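# Commentary on secondary and tertiary structure
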Amino acid sequence: MVKVEGTLEELRELFVEGAKKEARKVARKAGAEVVKSGVKRTKSAWQRYMANKKKQIKFKSGKRKGQLDLKRMGAAFRREQKRSRR
């Protein structure tokens, strides 16, 4: 058995805070390794469509003014996809 002496603050720093810092350091390192190994995926056709500012349809009035109108955008996207398949 090991005898440990010190004030409560010192003991807390030694055991509790030290363990938390160590756990954070290990987690950060593991996360960085996962991110480095990942390969960027290509965006889907819908994601590329959404990123195009020209294709964004927004509400003009009402409580949703300025927000994207996804219903109309989805319909326009499907029409465009249908045309491109022909």
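Computed from a prediction, not measured in an experiment: that's the story for all the values here.

Once that is clear, we can look at the side chain of Asp69. As for its placement among the helices and strands, Asp69 is situated in the loop between helix H2 (45–51) and helix H3 (70–85). Not counting the four nearest positions on each side in its chain, Asp69 is found in contact with Ile57, Lys58 and Phe59.

Bringing H3 into the picture now. Owing to its 3.6 residues per turn, the α-helix aligns residues three or four sequence positions apart on the same side. With 16 residues, H3 should reach 22 Å at 1.5 Å per residue; the first-to-last C-alpha distance of 22 Å fits that figure. Of the residues making up H3, those classed as buried are Met73, Gly74, Ala76 and Phe77. The arc enclosing the buried residues of H3, seen along the axis, measures out at 165°, which places them on a common side. Turned more than 90 degrees away from the buried face of H3, the exposed residues are Lys71, Arg78, Lys82 and Arg83. On its buried face, H3 sits against H2.

About the criteria used
Residues numbered from 1 in each chain as written. Predicted model: local features only at pLDDT ≥ 70, side-chain atom pairs only at ≥ 80, totals over all residues. Heavy atoms only, no water. Helix = DSSP H or I, 4+ residues; strand = E, 2+ residues; numbered from the N terminus. Contact = heavy atoms within 4.5 Å. Expected span 1.5 Å × (residues − 1). Buried < 20%, exposed > 50% of the residue type's maximum accessible area, 1.4 Å probe, protein only. Arc of directions from axis to C-beta.

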